[in-house]
Amino acid sequence: MLKMMTFFQGLSGHQPVPDTLDFPRSPQKLRSTSEAESEASMSVASSEDLAPPLEAGTALYREEEKTAKKKKEKKKKSKGLANVFCVFTKGKKKKGQLSSAEPEGAARSRQGLDGPPPTVEELKAALERGQLEAAPPLLALERELAAAAAAGGASEEELVRRQSKVEALYDLLRDQVLGVLRRPLEVAPERLRQALAVVSEQESEDRQAAAAAGPGTSGLAVTRPRRWLQLWRHGVAEAAEERMGQRPAAGPEVPESVFLHLGRTMKEDLEAVVERLKPLFPAEFGVVAAYAESYHQHFAAHLAAMTQFELCERDTYMLLVWVQNLYPNDIINSPKLAGELQGVGLGSLLPPRQIRLLEATFLSNEAANVRELMDRALELEAQHWAEDVPPQRLDGHCHSELAIDIIQIISQAQAKAESITLDLGSQIKQVLLAELSAFLRSYQRAFNEFLERGKQLRNYRANVIANINNCLSFRMSMEQKWQVPQDTLSLLLGPLGELKSHGFDTLLQNLREDLKPLFKRFTHTRWAAPMETVEKIITTVDMRLPEFSELQDCFREELMEAVHLHLVKEYIIQLSKRRLVLKTAEQQQQLAGHILANADTIQHFCTQHGSPATWLQPALPTLAEIIRLQDPSAIKIEVATYATCYPDFSKGHLGAILSIKGNLSNSEVKSIRSILDVSTGAQEPSRSLFSLIKPRAAVSWVQQGWNGRQNWKRKKEKMNSYLAGACGVLCCGHCQH
């Protein structure tokens, strides 16, 4: 940044120039020895004397110009951008009023010019008085000289002497004309038109001379083309450089102020050209294009010089904003300039390769900044967790500012890139999503560490709820504001889903501990009073629900669905652990009735408290139906339908249920289980139920059921044999005794 400050101070360190269209004079040509001798011969005053030596005339003109400038500066100070090309009202004169650049005796001399052809001395005097009416007679004098040379009647020395006088007059005329064009808004419109007409006339003469070009005329130096139009354009370029090189009116010389000065100067000056000069200038001048190209070239050169330095992040951004947005949109395509500059083809301030390098640097800088800011926000949030700082409450919900901070960081970076171009905004979107994905994984890891280490903190559960609520803000921003594609959205939501799931597990841990002994009652009581047990389970859950009231509504529903799932899952687990074999249809129907009643109670309670898990509704009733049915074919149909609803329902789970039906033969059990070998075309389950119940455990329960019955038979036979033998011994002994 220090290098850049030195650079701007160096560029704008020169003295401010007046706010005028001040075209510097063109450099004088070197004269030949014969021209110098010819001027020396004119030093004696006579009717044929033309002018003092060219250097003296130029010095005198410049001295007068400096004197006029000093007087002008005493009268008023420079007024900056408001006086672009000097005060626009200057130079306007009433009808019949003489121009400030026209001496008082000009009118009297003009009357003489309208008579017989003026002499060289009269032309010289008229030009010194600023009379541009001397241009046509001077052109006639030049043509007369060319005709004399072509005729061959004059000596070479005479031709050189006469040509030197003509060229000296042209030097005076050129200085007068370019002097008027240097301050086009200071002079009267009529005088400006005169100067423009002279330049047009000279350009026409240049073209005629080029068309008639042939072997050089003996005795005359080649003076065409004079290229006054080119000299005018060169003066425009120098005026643009002076205007753009002025110091900013106020404030530090930093890139922002320098860019603002360059842009405002160019825009206001070009608007003045369009409004005030274009109506007066002939089309061949291309006055708008000439000024626009000159200002554009200086602006581009200034920016190209900047890129040679090591740019800080702010400078890189400002360069891109001006090159890609402000310059093309607010200047080139501004309402007053768009139509005029459309065909000029100014192009970009920097070459495409340089712009791509700057854009790559910008994207890298923004990614690093976003990463640093998000890491800092997460670090501060984790510090609040560790220090047991309670979360804020907003609308009755636990609230954390972390999600808002992260969303704002991402959104600001996105808006910053879009302020350059929409295309760059699209490019940075992918970069920001990658940074967000990395952040969310870090967020998940930090949250998991807090879940493990912060269990003893007073505000532990409140902070868990606040972080679960954060997931809603992240998800809504991704889906609505950032419009993330579905595949990318799934990747981004993955860590948030894990965070929410772990948070739910933490919040439900106490409830699950309370429910564990209640579910075991089903087995301990051998399902003697299942309805009473279910009612105690429902009461326990109902007492815990207020603990989750500070969750967002959508998450409270998801938590209730998790509770609903837990109740159904634990009920199935206990049902699969059934040790009692029901051999009669009446016993099986009685158990099925209990299961249906319990299922209805669970479903009604969970739905009433917001559970959206309608997919769990057939889980228990269908198992009850399988237990109630006696026809193997009907059981097969029910099992096939069940497997369609729950694709994770396996043979192991089915075997555990069938073990309850003690009146099924082994072949019937095998036949029913085989129905799951038939593909139902079901996809992978989007929700898990039976996959949460380990199939191996279910299979072991089946095996335990069958093996238990066989072992009991063997033990019973051995016991009967043992008792029979014991009785025989006792009986024999008693008889003998």
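Residues numbered from 1 in each chain as written. Predicted model: local features only at pLDDT ≥ 70, side-chain atom pairs only at ≥ 80, totals over all residues. Heavy atoms only, no water.

Labelled according to an unreviewed UniProt entry, the chain appears under the name Tumor necrosis factor alpha-induced protein 2, originating from Piliocolobus tephrosceles.

Here the focus is the side chain of histidine 564. With respect to the helices and strands, the residue histidine 564 is situated in helix H20 (residues 553-576). Separated by 3.2 Å, the side chains of histidine 564 and glutamine 603 make a polar contact. When residues no more than four places from it in sequence are discounted, the contact partners of histidine 564 are Ile602, Gln603, Cys606, Ser611, Ala613 and Leu616. (Helix = DSSP H or I, 4+ residues; strand = E, 2+ residues; numbered from the N terminus. Polar contact = N/O pair within 3.5 Å; in protein donor to acceptor, adjacent residues only side chain to side chain. Contact = heavy atoms within 4.5 Å.)

Now for unusual backbone geometry. Leaving glycine out, the prevailing phi sign among residues is negative, and the prevailing peptide bond configuration is trans. Here the bond from arginine 224 into proline 225 is cis, since omega is 5°, no more than 30 degrees from zero. With respect to the helices, strands and loops of the structure, proline 225 is situated in the loop between helix H8 (189-211) and helix H9 (228-244). One non-glycine residue, arginine 227, adopts positive backbone phi at about 60°. Following the sequence through the fold, arginine 227 ends up in the loop between H8 and H9. Overall, the relative accessible area of 43% leaves arginine 227 in the partly exposed class. (Buried < 20%, exposed > 50% of the residue type's maximum accessible area, 1.4 Å probe, protein only.)

Before going further, it helps to spend a moment on the pattern of salt bridges. Under the definition given, this model contains 33 salt bridges. Across the pair arginine 143 and glutamate 205 runs a salt bridge, and its minimum N-O distance is 2.7 Å. Here arginine 143, found in helix H6 (residues 135-151), pairs with glutamate 205, found in helix H8; they are 62 residues apart in sequence, far enough to count as distant. We classify arginine 143 as partly exposed; its relative accessible area is 44%. (Salt bridge = Lys/Arg side-chain N within 4 Å of Asp/Glu carboxyl O.)

Turning our attention to the packing of helix H19 (residues 530-544) against helix H21 (residues 585-608). Across the interface, H19 lies against H21 with an axial gap of 10 Å and an inter-helix angle of 15°. In terms of their interaxial angle, H19 and H21 are classed as roughly parallel. Handedness of the crossing formed by H19 with H21: right-handed. Across the interface between the two elements, Pro530, Met531, Val534, Ile538, Val541 and Asp542 from H19 touch His594, Ala597, Asn598, Thr601, Ile602 and Phe605 from H21. Its residues assigned to classes, the contact of H19 with H21 shows eight nonpolar, three polar and one charged. (Axes fitted to C-alpha atoms, helices over the stretch in contact; angles between N-to-C directions. Parallel < 35°, antiparallel > 145°, perpendicular 65-115°, else oblique. Left-handed = near helix turned anticlockwise from the far one by under 90°. Nonpolar A, V, L, I, M, F, W, Y, C, P; charged D, E, K, R; others polar.)

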